[in-house]
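Spelled out from the first residue to the last, the chains are:
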Amino acid sequence: MRFFSFYCLLILLSACVKDTPIVNSQTAVLSSNGVYIVGEGNFNFGNSTISYYNIGDQKVQEDVYRSANNSALGDVAQSMVLFNGKAYVVINNSGAIKVLDTATAKELKHIDGFTSPRCFLPLGNGKAYVSDLYANAISVVDLSSSSIVGTIACAGWTEEMALCAGKVFVCNLKSTQLYIVDISTDKLVDSIAIGYGASSLQEDKNGKLWVLSGGDQSRAAQLQRINPISEVVEAVFVFESGSPQHLKTNGSRDSLYYLNNGVYAIAVSADALPKTPMISAGNSIFYGLGIDPQSGDIYVSDAMDYVQKSTIYRYNSKGNLRHSFKSGINSNSFCFKQ
Amino acid sequence: MQKEKNSSKVKVVVVFAMALLLSIIASAQDTTRIDEVAISANRLQNFSTGSKVQNIDSAALAQYATGNLADVLNAESALFIKSYGMGSMAVSSMRGGSAGQTATLWNGFALNNPMYGQLDFSLVPVGFSDAVSIQYGGTGALWGSGAVGGVIHINHRPSFNKGLTIGAKFNAGSFHNFGEQLFVEISKKKVLSSLKVFNNSAQNNFEFYNSSLSKNPKMRQRNAERKSYGLLSESAFKIGDRQTVNIAFWYQFTDRNIPPTLTQLNSADHQKDVSYRATAEWQYKGKKINYFVRSAFFDEALNYDGMLSHSQVSISEAEAKYTLRRTHFFNAGMNSTSAYGMSDGLMKGYSQNKIAAFASYRYQSENEKWTASVSARQEAVNGKAVPFTYSAGVDVKVKKHLSLKSSFSKVYRVPTLNDLYWMPGGNPDLLPESGFSEDAGLVLSLQNKEKVDFRFESSVFNRNIDNWIIWLPGQSYWSPQNKLKVWSRGIETSSKLQVQRSKLKCGISVMTNYVLSTNMQASTEGDASVGRQLIYVPMYSGHAKLSLEFKGFLLSYTHSYTGYRYTASDNTQYLVPYSIANIYCSKNFTFKGNRFSLFAQVDNLFNQQYQVVLSRPMPLRYYNAGLTILLNTKIN
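### What about the overall build of chain B?
- In terms of helices and strands, chain B carries 6 helices and 34 strands.
- By the compact-globule yardstick of 26 Å for 636 residues, chain B fits well, its C-alpha radius of gyration being 24 Å.
- Each principal axis of the C-alpha atoms in chain B carries an extent, and together these give about 70 × 60 × 55 Å.
- When burial is assessed residue by residue, chain B has 55% of its 636 residues classed as buried.
- Of the charged side chains in chain B, 67 are positive and 44 negative, and the gap between their average positions amounts to 7 Å.

### Some words on the pattern of salt bridges
Residue and element names in this part refer to chain B.
- Scanning all chains against the criterion turns up 31 salt bridges over all chains.
- As a salt-bridge pair, Glu319 and Arg43 come within 3.3 Å of each other at their nearest N and O atoms. A residue pair is termed long-range when its members are at least 10 positions apart, and Glu319 in strand β17 (residues 307–324) and Arg43 in helix α2 (residues 42–47) qualify at 276 residues.
- In this structure Glu319 comes out as buried when scored by relative accessible area, which is 4%.

### Thoughts on the packing of aromatic side chains
- Following the criterion strictly, the structure yields 35 aromatic pairs over all chains and no others.
- Note on B:Phe206 and B:Phe208: the rings are 6.1 Å apart at their centroids and 65 degrees apart in plane angle, and the pair reads as edge-to-face.
- On the accessibility criterion, B:Phe206 (1% relative accessible area) is buried.
- B:Phe208 sits in the buried class, given a relative accessible area of 4%.
- In this structure an aromatic cluster arises from ring pairing among A:Tyr53, A:Tyr299, A:Phe325, A:Phe334 and A:Phe336.
- The residue whose ring lies beneath B:Lys52 is B:Tyr136, and the NZ or CZ to ring-centre distance is 4.3 Å.

### A look at the sheet that holds strand β14 (residues 177–182) of chain A
All names here are of chain A.
- Within the open sheet, the 4 strands sit side by side as β12-β13-β14-β15. Their pairing is antiparallel. Each edge of the open sheet is held by one strand with a lone partner, namely β12 (158–164) and β15 (187–193). Geometrically, the sheet is characterised by an average inter-axis angle of 25 degrees between neighbouring strands, direction not taken into account.
- With 6 bridges joining them, β14 and β15 adopt antiparallel strand pairing. What sits directly across from Leu178, in β15, is Ile192.

### Focus: the state of the cysteines
- In the structure shown here, the tally under the stated rule is 0 disulfides over all chains.
- The thiol sulfur of A:Cys171 is not disulfide-bonded, and the nearest other cysteine sulfur, from A:Cys119, lies at 8.5 Å.

### Some thoughts on the sheet that holds strand β21 (residues 255–259) of chain A
Residue and element names in this part refer to chain A.
- The antiparallel open sheet is built from 4 strands, whose spatial order is β20-β21-β22-β23. Every interior strand has two partners, whereas the edge strands, β20 (245–249) and β23 (279–280), have only one.
- Judged from the 5 bridges that link them, β21 and strand β22 (residues 262–267) form a sheet pairing that is antiparallel. Residue Leu256 lies in a different strand from β22, and its bridge partner there is Ile266.

### Digging into unusual backbone geometry
- Residues B:Met423 and B:Pro424 are joined by a peptide bond in cis, for which omega reads -10 degrees.
- Tracing the chain through its elements places B:Pro424 in the loop between α6 (417–421) and β24 (433–448).
- The residue A:Asn70 is not glycine, and still its phi comes out positive at about 55 degrees.
- Mapping A:Asn70 onto the fold places it in the loop between α2 (64–69) and β4 (77–83).

### Concerning a nonpolar patch on the surface
All names here are of chain B.
- There is a patch of nonpolar side chains on the surface, built from Ile166, Phe170, Leu182, Val184, Leu195, Val197, Phe589, Leu598, Leu627 and Leu631 and spanning about 780 Å² of accessible area.
- When contributions to the nonpolar patch are tallied by element, the ones reaching two or more residues are β8 (163–173), β9 (177–187), β10 (191–202) and β34 (622–633).
- You can see Leu631 is positioned in strand β34.

### Comments concerning the environment of B:Lys551
Residues and elements named next belong to chain B.
- With respect to the secondary-structure elements, Lys551 resides in the loop between β28 (540–550) and β29 (553–562).
- Separated by 37 residues in the primary sequence, Lys551 and Asn588 have C-alpha atoms spaced 8.4 Å apart.
- Once residues within four sequence positions are removed from consideration, Lys551 is found in contact with Lys503 and Lys587.

### Focus on the nonpolar core
- B:Leu69, B:Ile134 and B:Ile152 are the most contacted members of the largest nonpolar core, which has 36 residues in total.
- Looking at this core, the elements that each hand over two or more residues are α4 (69–76), β6 (131–136), β7 (150–155), β14 (243–257), β16 (289–304) and β17 of chain B.
- If we skip the residues at most four places from it in the chain, B:Ile152 touches B:Leu69, B:Leu73, B:Leu79, B:Thr102, B:Ala103, B:Thr104, B:Leu105, B:Phe121, B:Val132, B:Ser133 and B:Ile134.
- Core analysis: the next-biggest nonpolar cluster, separate from the first, contains 17 residues, A:Tyr36, A:Tyr52, A:Tyr65 and A:Ala68 among them.

### Digging into the interface of chain B and chain A
- Facing the 51 residues of chain B at the interface are 45 residues of chain A.
- Here chain B and chain A share an interface that buries about 4000 Å² over both sides, 58% of which is from carbon and sulfur atoms.
- Our enumeration of links across chain B and chain A arrives at 0 salt bridges.
- The interface formed by chain B and chain A holds 11 residue pairs in polar contact (both at pLDDT 80 or more) in total.
- Of all the elements in the fold, those that place two or more residues in the side of chain B that touches chain A are β24, β25 (452–473) and β26 (478–501) of chain B.
- Across the side of chain B that touches chain A, the residue classes break down as 24 nonpolar, 23 polar and 4 charged.

### Structural notes on the confidence of the model for chain B
- Looking at chain B as a whole, its pLDDT mean stands at 90, while 93% of the residues score no less than 70.
- When the criterion is pLDDT under 50, residues 1–40 of chain B qualifies, and its contacts beyond four places in sequence or with other chains add up to 65 contacts.

### Describing the side chain of B:Glu234
Residue and element names in this part refer to chain B.
- With respect to the helices and strands, Glu234 occurs in strand β13 (residues 226–239).
- One buried charged side chain, Glu234, makes no salt bridge at all; its nearest oppositely charged neighbour is Lys196, positioned 4.1 Å away.
- For Glu234, the contacting residues outside a window of four places in its chain are His156, Leu192, Ser193, Ser194, Lys196, Ile247 and Ala248.

Rules behind the numbers
- Residues numbered from 1 in each chain as written.
- Chains lettered and ligands numbered in written order.
- Predicted model: local features only at pLDDT ≥ 70, side-chain atom pairs only at ≥ 80, totals over all residues.
- Heavy atoms only, no water.
- Helix = DSSP H or I, 4+ residues; strand = E, 2+ residues; numbered from the N terminus.
- Rg over C-alpha atoms; globule rule 2.2 N^0.38 Å.
- Buried < 20%, exposed > 50% of the residue type's maximum accessible area, 1.4 Å probe, protein only.
- Lys, Arg positive; Asp, Glu negative; His and termini not counted.
- Charge placed at Lys NZ, Arg CZ, Asp CG, Glu CD.
- Salt bridge = Lys/Arg side-chain N within 4 Å of Asp/Glu carboxyl O.
- Phe/Tyr/Trp six-rings, centres within 6.5 Å; stacked < 30°, edge-to-face > 60°.
- Lys NZ or Arg CZ within 6 Å of the ring centre and 35° of its normal.
- Pairing = 2+ DSSP bridges.
- Axes fitted to C-alpha atoms, helices over the stretch in contact; angles between N-to-C directions.
- Disulfide = S-S within 2.5 Å.
- Patch = residues over 30% accessible without salt bridge, like charges linked within 9 Å, V, L, I, M, F, W, Y side chains within 5 Å.
- Areas by Shrake-Rupley, 256 points an atom, 1.4 Å probe, with all protein chains shown as cover.
- Contact = heavy atoms within 4.5 Å.
- Core = buried A, V, L, I, M, F, W, Y, C linked by side-chain atoms within 4.5 Å.
- Buried area = accessible area lost by both parts, 1.4 Å probe.
- Polar contact = N/O pair within 3.5 Å; in protein donor to acceptor, adjacent residues only side chain to side chain.
- Nonpolar A, V, L, I, M, F, W, Y, C, P; charged D, E, K, R; others polar.
- pLDDT = per-residue confidence, 0-100.

And the structure:
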């Protein structure tokens, strides 16, 4: 019987361990100088977030969308673009784009009907293009009516796009081509042979287009410099190893940055790829990269085990750590507001 | 690929034809002597000393007869059932383990898929099993890979000399849920053969509140239709006085749509599962020695949005049990399991061949006051030895009403085909997950002239697993790694009181579970999951059941509670607890040996809005009702 009472005691004691989680609540008032950090969350969890990092006081407001709208942002927020005082958030597995007020993160409207949207590119003529993972097409969106008004057939996984010399250049992760779209007719007009698996591209201070292709197991990754007017590849840099991603540029557009198991920087005037990283990744695997166009500060996210909050490292332009903080699960991109 | 497929179908047909032929031969020869055989449970019955075993008999299963195994485990066991929604996939966490760390054995054969390592319990119809036993805690030495958190045994209990029984069951419920089951059994003195067929369809277009949208609007579930049908043929026959042969064949087809999550507008995903499973067993029961030889062939195909995974497993096992002076029991055997998997994700077919030798010894004291057993197992996978596994257990009857038990076991789980060979990312260098599982418990049982029956069982458990496999992202793709060390521990209680007063029988049972399952090792620098509860392992859960029986009437009320479940490994995201109440009532009639039964049930009585899995809505209150007819005639 003594055993029995001992057991009962154990059971009662065990009930004293709290399983109630810690809850942080906050309200969204977004300062004028800060960084939106898009957190993908997990596929099918519906736990995407936007965190806001105030550059001045280094404070983080997590999940500003939920506090402003009292609802969930969606499933797998992929990217975010600031345009005309509004934030366009592409939510991949919800098949939608949410348009937010940049000051309050309040939802103004949303655009539905995409298959698996990835990136948003405003064209300045009242329209925008949206690339897609599975649709084998780019969607044409009318921004005033917030609706899809057309599609541009493009086989494969289309990713980042750039408006350069009046044309739109489209990366495709499932091909060796950089596609060119005529924005007046919304038609695919040409393509340029590049490395396999392009995902990101940047325009430099000289008006040249840089495209980063990640390659695959049999094809090496490449960085190409393209003349957007003549559509000629002017320079090719072949990577010895790795699958580099996230090509970014600084405010003056004279340096390029990318992730390849560490942060690498290359001047647009360089004639060879850097051999050593500017910031070494150590044991972690960097997931997202952003360059503050004003200060040149480098933001890198470490997604840890991918089911917990990411750690964001903020370095100065020389690669010295300034600050680190937590942000939403699988933080993948940075959007600078100034 | 095509050739593989054809050969598998041929094999299935051959096994099935053999089964039929053997049952015809056996029915031709008839003599005397009857005894009950519970097949394939040799090691469970005789060498599970010290571990907690919960038996759910056919009477208890009857309440869930139109449902699936997930419903039974959810309501009757200490397992946490991770259900993705009505009609959707349901896997388990047992004592804080992963889904692959629960082994499910059908007539002694592991059902866990060789590619995924787990079993979807929503694909196991309750009507296809006579008895379900749940063995808690690690028993790696008895059952091999995957018996880490515990083992679920689904068994056929052939019952001879019952005559001809023809049965039918119909049910209809909310959301256009319709089910039909037909059952024919010929049970003679030495031969038994049964055929069960079911057909099921449901729209599952239930209403729910969408907590991901502002103002929590009420919505209707879409793209959740499910259709399923299958057949189970089981035969058992005796050859002479000492030999028994059991044969089973199980075919099942399920086609279901995968509904959108709370943050998706639409979903067009759908999944088809087709399985063929055939088993055969021969038993010889001598005075001192028993032999068992059994063999199985499983063929499973899963088609998700056109992406195909196809696996085949063949298992052969032979064991012998030797009894000396009713106090010493020896058991030894061999198992050979070869699995073949092929999918779009693997790019080509891979096989995994496991061979194992196992042995057990049990000593039972003359006065039957205590019993102790030791077991050992050595397995090799593709010719490479996995760590030697052993276990020991003891049961002691301290007093008339009180017994104590304790056991420990080394446990392991070998990586699945997907873990090893998925393209890209599969890691052929993965080691098996391995560790130790310990258990101690007490059973208090009091009877008062068959009018009051009280049983209390409580267990404390501890388990440490090293090389726990998780998929982590690499530079360009995800890859599984032996990264985590997981420490699981907890306390379970189960209390049951039954009071009988003339024709009224009243029962109360309460189960409580407290499980801490924490990761002890950082998988990356600064990993905030260290020391935190694993995701989807509730710390607190429990259920209570109240039942009243009177002149063939049964009324039961169950209430279950599931506590917080974290959905982020640093425990910063979570799902809120929920309580679900169900009511079930039935009335049985017997007329000239034929049995009739009517039932009605209400699920989620209090309209609880909840999610078991993040962003997967569950239904509010819903209903189900039906009738069963069992016609029986004696035959000679």
